[in-house]
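So the chains spell out like this:
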Amino acid sequence: MIQRGRVNRRGRAIRRGAAGLAALLVAGVVATACSGGGGGDPAPAGRPGGSPGALRVLAGSELRDLEPLLDEFHERTGIEITMEYTGTLDGVDRIAARDPAVDAAWFASDRYLRLAPEGRNAVIDRTTTMMSPVVIGVRPELARRFGWVGNPSVTWADIAAKVSTGELTYAMTNPSASNSGFSALVGVAAALAGTSDALTLDDIRPAELTAFFGGQVLTAGSSAWLTDAFATTGAQTGTPPGAQPGARIGAMINYESELLALNTGRLRSAPLTLVYPRDGIITADYPLQLLRGERRTEYERLAGWLRTPEVQRRVTALTHRRPVTPGVRIDPAPWPVRALPAELPFPATRAVADHLLSSYLDEYRRPSHAIFVLDVSPSMEGERLALLRATLKGLAGTDDSLSGRFTRFRGRERVTLITFSGAVHDTLEFTVDDPEPGSAGLAAISAAADGLTLGSGTAIYTAMTSAYSYAETAVRREPDFLTSIVLMTDGENNQGVDAEAFHTSYAGRSEAARAVRTFTVVFGDARVEEMRDIAEWTGGEMFDARSSSLPEAFREIRGYQ
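Residues numbered from 1 in each chain as written. Predicted model: local features only at pLDDT ≥ 70, side-chain atom pairs only at ≥ 80, totals over all residues. Heavy atoms only, no water.

### Overview of the overall build of the protein
Okay, step 1: When helices and strands are counted, the protein shows 21 helices and 18 strands.
Okay, step 2: Evaluated residue by residue, the protein yields a buried proportion of 59% over its 561 residues.
Okay, step 3: Counting contacts in the protein only where the partners sit at least 6 residues apart, residues at least 24 apart contribute 80% of the total.
Okay, step 4: In the structure as shown, the protein presents an accessible area of about 20200 Å², 50% of it carried by carbon and sulfur atoms. (Helix = DSSP H or I, 4+ residues; strand = E, 2+ residues; numbered from the N terminus. Buried < 20%, exposed > 50% of the residue type's maximum accessible area, 1.4 Å probe, protein only. Contact = heavy atoms within 4.5 Å. Areas by Shrake-Rupley, 256 points an atom, 1.4 Å probe, with all protein chains shown as cover.)

### Some words on the packing of aromatic side chains
Okay, step 1: Scanning the model with the defined rule gives 21 aromatic pairs in all.
Okay, step 2: Between Phe212 and Phe213, the ring centres sit 5.2 Å apart and the planes meet at 85°, which makes this aromatic pair edge-to-face.
Okay, step 3: Considering the side-chain rings of Phe502 and Tyr506, the 6.2 Å spacing of their centres and the 35° angle between planes classify their relative orientation as tilted. Within this pair, Phe502 and its partner Tyr506 are both found in helix H18 (residues 499-507), separated by four residues, close to a single helical turn.
Okay, step 4: Judged by its relative accessible area of 7%, Tyr506 is buried.
Okay, step 5: Taken together, the aromatic side chains of Trp156, Tyr170, Phe212, Phe213 and Tyr360 make up a single cluster linked through ring pairs.
Okay, step 6: Sitting over the face of the ring of Tyr85, Arg64 holds its NZ or CZ atom 4.6 Å from the ring centroid.
Okay, step 7: Between Arg111 and the ring centre of Phe346, over which it is positioned, the NZ or CZ distance is 5.8 Å. (Phe/Tyr/Trp six-rings, centres within 6.5 Å; stacked < 30°, edge-to-face > 60°. Lys NZ or Arg CZ within 6 Å of the ring centre and 35° of its normal.)

### Here we look at the side chain of Ser548
Okay, step 1: Positionally, Ser548 belongs in the loop between strand E18 (541-544) and helix H21 (550-558).
Okay, step 2: Only 3.4 Å separates the side chain of Ser548 from the backbone oxygen of Asp544, close enough to count as a polar contact. (Polar contact = N/O pair within 3.5 Å; in protein donor to acceptor, adjacent residues only side chain to side chain.)

### Topic: the sheet that holds strand E16 (residues 482-489)
Okay, step 1: One open sheet holds the six strands; their spatial order is E15-E14-E13-E16-E17-E18, and the pairing between them is mixed. Strand pairing shows two members of the sheet lacking a second neighbour, strand E15 (424-432) and E18, which therefore form its edges. Neighbour to neighbour, the strand axes of the sheet diverge by 15° on average, direction disregarded.
Okay, step 2: Looking at chain direction, strand E17 (residues 517-522) and E18 are connected through four bridges and run parallel. When the bridges of E18 are listed, Val521 appears paired with Phe543.
Okay, step 3: Packing of helix H16 (residues 440-450) onto the sheet brings it into contact with strand E14 (413-420) and E15, and relative to E15 it is tilted by some 160°. (Pairing = 2+ DSSP bridges. Axes fitted to C-alpha atoms, helices over the stretch in contact; angles between N-to-C directions.)

### A word on the environment of Asp202
Okay, step 1: Along the chain, Asp202 falls in the loop between helix H7 (179-193) and helix H8 (206-213).
Okay, step 2: Given the relative accessible area of 76%, Asp202 is considered exposed.
Okay, step 3: As a C-alpha pair, Asp202 and Val352 span 150 residues in sequence and 9.7 Å in three-dimensional space.

### Considering the nonpolar core
Okay, step 1: Within the largest apolar cluster, 87 residues are counted, with the highest numbers of intra-cluster contacts made by Trp106 and Tyr112.
Okay, step 2: The element best represented in this core is H7, accounting for ten residues.
Okay, step 3: In this structure Tyr112 touches Leu89, Val92, Phe182, Phe346, Arg350, Ala353, Asp354, Leu357, Leu402 and Phe406, once residues within four positions along its chain are discounted.
Okay, step 4: Membership of the second largest hydrophobic core comes to 53 residues, among which are Val217, Phe230, Leu267 and Val521. (Core = buried A, V, L, I, M, F, W, Y, C linked by side-chain atoms within 4.5 Å.)

### Things to note about the side chain of Arg126
Okay, step 1: With respect to the secondary-structure elements, Arg126 resides in strand E5 (residues 125-128).
Okay, step 2: Exposure remark for Arg126: the relative accessible area of 7% places this residue in the buried category.
Okay, step 3: Polar side-chain contacts of Arg126 include one of 3.4 Å to the side chain of Asp285.

### Describing the pairing of E14
Okay, step 1: Among the eight residues that make up E14, seven are buried, leaving the element largely enclosed by the rest of the structure.
Okay, step 2: When strand E13 (residues 368-375) meets E14, the two strands line up parallel, connected through seven bridges. Along E14, the bridge assignment pairs Leu374 with Thr419.
Okay, step 3: Across seven bridges, E14 lies against E15 in antiparallel orientation. From the neighbouring strand, Thr416 faces E15, where its bridge partner is Glu429.
Okay, step 4: Here E14 hands over to E15 after three residues, the two strands then running antiparallel side by side.

### Quick notes on unusual backbone geometry
Okay, step 1: Here the phi dihedral of Arg98 falls at roughly 55°; this positive angle occurs in a residue that is not glycine.
Okay, step 2: Among the structural elements, Arg98 can be located in the loop between helix H3 (88-96) and strand E4 (104-106).
Okay, step 3: Unlike most non-glycine residues, Tyr286 shows phi in positive territory, near 45°.
Okay, step 4: Checked against the element boundaries, Tyr286 lands in the loop between strand E11 (282-284) and strand E12 (287-290).

See the structure below:
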């Protein structure tokens, strides 16, 4: 069986698309999908075999949907695949540092990695395995009103115009945490700049980008979670100018494969209208990358097997991603179009890409308000409290890794620390005006982390009731902020109100307050059931710091804020 490495989030149900796909190959697919990079010899097609081995793969979380196929690969070849899921920038950090714990990498794209020599040089070989463009799915009633149904002339500027008037809001992943969001950021920047060349700093149009990303009312650290949240709630968490509070989110920018899965599943009765902007898109090509030469045999077996026509057809049916092997064709349904628009240019340098990411977080997107509910009960004494302090200080600027730079507290962000043990201790408020380490806002948060002191008892639900009272006031005062709660505890509730009382209190709050999601962190001896229930009641997610680390769990949650 395939081995799953450190996985913080619960797995998603595997979606199965229509079986028996046949038909026509997309024009142009073949040319862009062939193996690239180091150009290793093609692996033998079909009938894989040989001596057993192992391959440890650092991967994007969306590839969980391939686990059934990887189990079959193991059964047929004896080669064991260990998948360790992580975020895009964490992956870049580890690949560039030549982490000895991984043999290969498999993310939606490696364009950002290849912008820097340390990233390019760490990859020995690469093979594209499937494709999915980043496009926008629009609610059918809006698509009809806008005249976008069956209209191939819609551009990113047309979409931006509807956003600027408040007629269209959308969900999109955080570009610093997920490739789909990063592709959207780069694609929109290039399209609005009107350039067909690699994007430069002079091409970037801040005012237009700020107007466009002002319409983003739901964010996430992964494309899969974003799809779940969009389908489950559909309610926007903030109110952009011109939009009605609590209105349904109008659209989602995501991989074509995620949108198609939603249309053939939970939105079957009212499927989204997929819009492929005429001025271009950016497509993920899912390269399998070899990082350790001594694992070339296992890598080539896996890469070759994935590109066999039989497996390509099954990948397409299982995931709605497009095939890359010549001769493997896709059925017209459910794909609205076979030929994709041209690819938009990508930044030529890491400096331009990093500038886009920083500007998105500090200027373009709506400001955020992160409320941290932190357990300082006696069980946190010693190493646990020291680790919590270090984690908060890392988010305040001491973590200088690539992922740390983009997950730290950002400009315009409000940060609230609510500490509790048997009762709520303090509610400390901060505003970050400057994301550079040592700035006044970040220094104040670091000082507060150093000043955390312990109490007695653990009143989780009392603290959460207090946090939602605080959040209700905050979203009423600042409805345009993206507000979320993070609950970290290492124990179980033994004082204050119980779960039922909290749930009743939460259910009675305003719609805007109930739209504030809680992301729970299981740490130490925390009860998983309590943390999972709170996350599910509030539309959030549970992260397990026991199987990774407290800093890693907090960095991952930052992608959802």
